[in-house]
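Okay, here's what each chain looks like letter by letter:
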Amino acid sequence: MGASRAQKLSGIQKQVLSLYRGFLRTARSKTPENRAHIESLVSAEFRKNSHLIDRKNFLHIEYLLRRGKKQLDQLKTVESVRLSSSNVELPDTKTQ
């Protein structure tokens, strides 16, 4: 009953959900500690962007999709163990 009344997803919404599922699927192949880190980071990032980005700002959404696909490809490589957040601040390496 509920499924028949649900709105159909747009193409871009399907891409976002596919990317999210791809991250979760890839996380399953990592160690339990890394899996938990990846899942929490991905969930937080998607949730943050869902609140901050206007749904009609297609250029920005498409940019985030491209960036996410690149990050997912990196995560899929055997050598890759952890996913880094794009908002990580690095300490200043200059000598004082």
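Just so it is clear, the model here is predicted, and its values are computed rather than measured.

Draft legend 1. Spotlight on a positive patch on the surface. On the surface, Arg21, Arg25, Arg28 and Lys76 cluster together into a positively charged patch. Positionally, arginine 25 belongs in helix H2 (residues 11-27). Of the residues examined, arginine 25 reaches a relative accessible area of 46% and is grouped as partly exposed.

Draft legend 2. Structural detail: the nonpolar core. By size, the foremost hydrophobic cluster in this structure holds 12 residues: Ile12, Leu19, Phe23, Ala27, Ile38, Val42, Ile53, Ile61, Leu64, Leu65, Leu72 and Leu75. Elements with a contribution of two residues or more to this core: H2, helix H3 (32-52) and helix H4 (58-76). Broken down by element, this core gets its largest block of residues, 5 residues, from H4. With near-sequence residues (within four places) excluded, isoleucine 61 lies in contact with Ile12, Val16, Ile53, Asp54 and Arg55.

Draft legend 3. Structural detail: the pattern of salt bridges. Applying the stated criterion across every chain yields a total of 3 salt bridges. Where arginine 67 meets glutamate 45, a salt bridge forms, and the shortest distance between an N and an O atom there is 3.9 Å. Within this pair, whereas arginine 67 is found in helix H4, its partner glutamate 45 is found in helix H3, the two being separated by 22 residues in sequence. The exposure class assigned to glutamate 45 is buried, which follows from its relative accessible area of 18%. Counted as one network, the salt bridges with shared partners bring together Glu45, Lys48 and Arg67.

Draft legend 4. Seen up close, H4. If you check H4, its first and last C-alpha atoms are 26 Å apart, about what 19 residues at 1.5 Å a residue would give, namely 27 Å. Buried residues of H4: Ile61, Leu64, Leu65, Gly68, Leu72 and Leu75, and no others. Taken around the axis of H4, the buried residues stretch over an arc of 105°, which confines them to a single face. Facing away from the buried side of H4 by more than 90 degrees, the exposed set consists of Leu59, Lys70 and Gln74.

Draft legend 5. Region of the structure containing H2. Along its 17 residues, H2 runs 24 Å from first to last C-alpha, staying within 8% of the 24 Å computed at 1.5 Å per residue. Looking only at H2, the buried set comprises Ile12, Leu19, Gly22, Phe23, Thr26 and Ala27. Across the axial projection of H2, the buried residues extend over an arc of 135°, all falling on one side. Against H3 and H4 lie the buried residues of H2.

Calculation rules
- Residues numbered from 1 in each chain as written.
- Predicted model: local features only at pLDDT ≥ 70, side-chain atom pairs only at ≥ 80, totals over all residues.
- Heavy atoms only, no water.
- Patch = residues over 30% accessible without salt bridge, like charges linked within 9 Å, V, L, I, M, F, W, Y side chains within 5 Å.
- Areas by Shrake-Rupley, 256 points an atom, 1.4 Å probe, with all protein chains shown as cover.
- Salt bridge = Lys/Arg side-chain N within 4 Å of Asp/Glu carboxyl O.
- Lys, Arg positive; Asp, Glu negative; His and termini not counted.
- Charge placed at Lys NZ, Arg CZ, Asp CG, Glu CD.
- Helix = DSSP H or I, 4+ residues; strand = E, 2+ residues; numbered from the N terminus.
- Buried < 20%, exposed > 50% of the residue type's maximum accessible area, 1.4 Å probe, protein only.
- Core = buried A, V, L, I, M, F, W, Y, C linked by side-chain atoms within 4.5 Å.
- Contact = heavy atoms within 4.5 Å.
- Expected span 1.5 Å × (residues − 1).
- Arc of directions from axis to C-beta.

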